[in-house]
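Structural characterization, general
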Amino acid sequence: MSDKLTKTLNIFVRTVQTESMSKAAADLLMTTSAISQQIKQIEQDVGLSLFNRSPRELTLTEAGELYYQSCLQMLAVATATSEQLQHLQNCPSGQLKLAAPVGFGGGLLSEPVKHLISQFSDIDVHLTLSDEPIDMIRTGIDLVLAIGPLEDSNLIARQLASWPLILCVHKNHALAQQPKITLDDLKAHNRIAHIAVDPALTHLTRGVSTTLPKARITINNMQTVIQFVLDELGYAILPEPEVRNFLATGELLEICTDWQLPHYDVFALTPARDTLAAKTKAAIKALNASFSAI
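Residues numbered from 1 in each chain as written. Predicted model: local features only at pLDDT ≥ 70, side-chain atom pairs only at ≥ 80, totals over all residues. Heavy atoms only, no water.

As a further point, take the overall build of the protein. Scanning the protein from N- to C-terminus turns up 10 helices and 14 strands. The C-alpha atoms of the protein give 32 Å as radius of gyration, which overshoots the globular expectation for 294 residues (19 Å, by more than 25%). Taken over the C-alpha atoms alone, the protein extends approximately 105 × 35 × 30 Å along its principal axes. For the protein, the proportion of its 294 residues judged to be buried stands at 39%. In the protein, the share of contacts with a sequence separation of at least 24, taken over all contacts with a separation of at least 6, comes to 73%. For the protein, the computed accessible surface area is about 16700 Å², with 50% contributed by carbon and sulfur atoms. The average position of the 23 basic charges and that of the 30 acidic charges among the side chains of the protein differ by 4 Å. (Helix = DSSP H or I, 4+ residues; strand = E, 2+ residues; numbered from the N terminus. Rg over C-alpha atoms; globule rule 2.2 N^0.38 Å. Buried < 20%, exposed > 50% of the residue type's maximum accessible area, 1.4 Å probe, protein only. Contact = heavy atoms within 4.5 Å. Areas by Shrake-Rupley, 256 points an atom, 1.4 Å probe, with all protein chains shown as cover. Lys, Arg positive; Asp, Glu negative; His and termini not counted. Charge placed at Lys NZ, Arg CZ, Asp CG, Glu CD.)

In this section: the nonpolar core. Phe104, Leu145, Leu167, Leu186, Leu238, Ile255 and Phe291 are the most contacted members of the largest nonpolar core, which totals 54 residues. If you list the elements that add at least two residues to this core, you get strand E3 (94-100), strand E5 (143-147), strand E6 (156-170), helix H7 (183-186), helix H8 (222-230), strand E11 (235-239), strand E14 (263-270) and helix H10 (278-292). In terms of residues, this core owes the most to one element, E6, which gives 8 residues. Each residue touching Leu167, except ones within four places of it in the same chain, is listed here: Leu186, Leu201, Leu212, Tyr235, Ala236, Ile237, Leu253, Glu254, Ile255, Cys256 and Leu261. One finds Leu9, Phe12, Val13 and Leu58 within the second-largest nonpolar core, a separate group that totals 16 residues. (Core = buried A, V, L, I, M, F, W, Y, C linked by side-chain atoms within 4.5 Å.)

Here we take up the pairing of E6. Two strands pair when backbone bridges link them, and E6 and E14 are joined in this way by 8 bridges, in the antiparallel orientation. Looking across to E14, one finds that Trp163 is bridged to Tyr264. Where E6 and E11 come together, 4 bridges link them in antiparallel fashion. In the sheet register, Cys168 faces E11, and the bridge partner there is Ala236. As judged from the 3 bridges shared by E6 and strand E12 (residues 252-254), these two strands associate in the antiparallel manner. In the strand pairing of E12, Val169 is matched with Leu253. (Pairing = 2+ DSSP bridges.)

Turning to the pairing of strand E4 (residues 123-129), a few remarks are in order. Bridge count between E3 and E4: 7 bridges; the pairing is parallel. Across the sheet, Gly94 pairs through a bridge with Ile123, a residue of E4. The β-α-β motif built from E3, the intervening helix H5 (residues 110-119) and the parallel element E4 has right-handed crossover chirality. (Right-handed = clockwise from strand over helix to strand, strands pointing away.)

Next up on the list: H10. With 15 residues, H10 extends 21 Å from end C-alpha to end C-alpha; this agrees with the ideal 21 Å at 1.5 Å per step. Of all the residues in H10, the buried ones are Ala278, Lys279, Thr280, Ala282, Ala283, Ile284, Ala286, Leu287, Ser290 and Phe291. (Expected span 1.5 Å × (residues − 1).)

Our next topic: unusual backbone geometry. Its identity as a non-glycine residue notwithstanding, Glu19 has a phi of 60 degrees, on the positive side. Secondary-structure assignment places Glu19 in the loop between helix H1 (3-18) and helix H2 (21-27). In this structure Glu19 comes out as exposed when scored by relative accessible area, which is 58%. You will see that Cys256, though not glycine, has its phi angle at about 50 degrees, which is positive. Within the secondary structure, Cys256 is located in the loop between E12 and strand E13 (259-260).

What follows is about the UniProt feature "domain: HTH lysR-type" (unreviewed entry) in the protein. With numbering matched to this structure, UniProt assigns "domain: HTH lysR-type" (unreviewed entry) to residues 9-61. As annotated, residues 9-61 comprises 60% helix and 11% strand, and the C-alpha atoms at either end are separated by 17 Å. (UniProt positions renumbered as here; feature names shortened; annotations may be inferred.)

Written out as structure tokens, the structure is:
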């Protein structure tokens, strides 16, 4: 409801309740003439007289009583809506619709989601995992986690983390049995690759850059890439946070460590709005704190 309409309804209601335009004007810090003009405008819009007027008395007509009751209902709804909107703006609450790449479902989101639902009892989390592009506007998603670099868009991107990529192979793979693995050794083995992850490598001391042999298997899902490496189908570039547990247990081995891969950036995407709901702000803060500690 617009501020102008709310003001008009309040003028009419206050006039009815005080039974006087001059008293309503005093309460609303307006002139009696301004109140009179507003009432006349309302009656013109409605097409009916709303007041029985006499020098000493101002009473409602039948149409006026009906209009008065409708005004009370509309103002009550407007007040309740305003309170709810203020609550959404200032207090983290409601359903948070969050979308992230499938790989984030392997544990990267557990800590920030746990923080949100434990700290804010009025927040519910609806998580969608997908490696496909998501239309935030059409789906009504509040927050999307995306891997950079990002294409130009109308969305607002906030960087949450910058994590390393590493070259890995399973401990039982033939490559892992060699005492020292070089890039030339990789040519005889299958490379598995995510369709969106194929960066160049830079030598740590010589500073030269090169690319890996062409991938024999390409996949659009990082969790499946990781699983194929675990199943000994070949070697792959993997995001270190998503395979840290496998590295710690020795299930996966980092290879060609004299070559460095670039980091990959994680962004929080939101629609291009001037303000964000409190639940979205709280989620970004929780994600930033959790990802920074990884």
